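One letter stands for each residue in the lines below.
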Amino acid sequence: MRISELSAETGVPVATIKYYLREKLLPEGERTSPTQAVYGPAHVERLRLIRALVDSGVGIAASRQVIAALDDPPANPNHLLGMAHAAVSPAALDDLDLSAAEALISRWGWNPDACGPQQLAGVARALDTLDRAGFTVPEATMDAYLAGIRRMVDAEIDAIPTTSTDAAVRYVVLGTVLVEPLLLALRRVAEEFVSGDRYGDAVS
């Protein structure tokens, strides 16, 4: 298909597709002349992935890292997960106090030193925000968070495809980037229903 047909198939404007080509996010099509190229199903799939990343708030530089993982995936699935997390997580700041985050992760029985610095920093930032707001998560609630997250993650890791590395890459990357908004939305839905059951009033 021509670039105009690729645009019609994916809903992405031609100018945006050309930008992704210049940024090396989308591979070049097969040249039919110095100014013309044709594109196939792989371009449609890659373009939809790029749009999913960008629409989810992942910047161009981070999207490039994700695409690189797709094109040259690591052999170890754990390294793949680390690459996906690193691409979409803010950088860790040198002056960030990690002690509260380390203590919380230790409650799982895990060694905080085995956690990626960006992920540890993310926990630290969240805890610091809570602390500055004067909000304390009750210990029993925090333990429920940890237990629920562990069950969720066990299910996610169990579901990583083993048929091919490419399938595993897509699952891990898209699961990392695209599922988190769904989890937040589902949490809010569940809170409304449970609150309604508990207190007998529907949320308006």
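The sections below set out a description of the structure shown in this document.

Calculation criteria
Residues numbered from 1 in each chain as written. Predicted model: local features only at pLDDT ≥ 70, side-chain atom pairs only at ≥ 80, totals over all residues. Heavy atoms only, no water. Helix = DSSP H or I, 4+ residues; strand = E, 2+ residues; numbered from the N terminus. Buried < 20%, exposed > 50% of the residue type's maximum accessible area, 1.4 Å probe, protein only. Contact = heavy atoms within 4.5 Å. Pairing = 2+ DSSP bridges. Expected span 1.5 Å × (residues − 1). Core = buried A, V, L, I, M, F, W, Y, C linked by side-chain atoms within 4.5 Å. Phe/Tyr/Trp six-rings, centres within 6.5 Å; stacked < 30°, edge-to-face > 60°. Patch = residues over 30% accessible without salt bridge, like charges linked within 9 Å, V, L, I, M, F, W, Y side chains within 5 Å. Areas by Shrake-Rupley, 256 points an atom, 1.4 Å probe, with all protein chains shown as cover. Salt bridge = Lys/Arg side-chain N within 4 Å of Asp/Glu carboxyl O. Polar contact = N/O pair within 3.5 Å; in protein donor to acceptor, adjacent residues only side chain to side chain.

Some details on the overall build of the protein
Each helix and strand in the protein was counted, giving nine helices and two strands. Its helices and strands in sequence order give the protein the pattern α-α-β-β-α-α-α-α-α-α-α, from N to C terminus. Residues classed as buried in the protein amount to 25% of the 204 residues present. Taking the contacts inside the protein whose residues are at least 6 apart along the sequence as the reference set, 58% of them involve residues at least 24 apart.

Describing the pairing of strand β1 (residues 30–33)
Along any regular strand the residues' side chains alternate between the sheet's two faces. When β1 meets strand β2 (residues 36–38), the two strands line up antiparallel, connected through three bridges. In the sheet register, E30 faces β2, and the bridge partner there is V38.

Regarding helix α3 (residues 41–55)
Spanning 15 residues, α3 covers 21 Å between terminal C-alpha atoms, matching the ideal 21 Å at 1.5 Å per step. Restricting attention to buried positions, one finds in α3 the residues H43, V44, R46, L47, L49, I50 and L53. Downstream of α3 by a residue or two, G57 has a phi angle that is positive, lying close to 95 degrees.

Side note on the nonpolar core
One finds L6, I17, Y20, L26, L47 and L53 to be the most contacted residues of the largest nonpolar core, which totals 23 residues. Put simply, the parts of the chain that give this core at least two residues each are α1 (3–10), α2 (14–22), α3, α4 (60–71) and α9 (165–199). Leaving out residues up to four positions away in the same chain, L26 has contacts with L6, I17, Y20, L21, H43, R46, L47 and I50.

What about the packing of aromatic side chains?
Overall, the coordinates contain two aromatic pairs when judged by the stated rule. Seen in terms of ring centroids, W108 and W110 are 4.9 Å apart; in terms of plane orientation they differ by 35 degrees. Their pairing is tilted. You can call W110 partly exposed: its relative accessible area is 40%.

Here we look at a nonpolar patch on the surface
Taken together, the side chains of Y145, I149, M152, V153, I157 and L183 present a nonpolar region at the surface, about 430 Å² in accessible area. It is helix α8 (residues 139–158) that provides the largest number of residues to the nonpolar patch, a total of five residues. If you trace the backbone, I149 turns up in helix α8.

Some words on the environment of A101
For A101, the location among the structural elements is in helix α6 (residues 99–106). Along the backbone, A101 and A126 are 25 residues apart, and their C-alpha atoms lie at a distance of 9.0 Å. Those residues in contact with A101 that sit more than four places away from it in its chain are L120, V123, A124 and L127.

Concerning the side chain of H43
Relative to the helices and strands, H43 resides in helix α3. Accessibility expressed as a relative area gives 11% for H43, which makes it buried. Here the side chain of H43 touches E28 through a polar contact of 3.2 Å, landing on its backbone oxygen. Other than its neighbours up to four places away in sequence, H43 contacts L6, L26, P27, E28 and G29.

Remarks on unusual backbone geometry
For residues that are not glycine, phi is negative in most cases, and the peptide bond is trans in most cases. Backbone geometry places K24, a non-glycine residue, at a positive phi of 65 degrees. Residue position: K24 is located in the loop between α2 and β1. For K24, a relative accessible area of 62% puts it in the exposed group.

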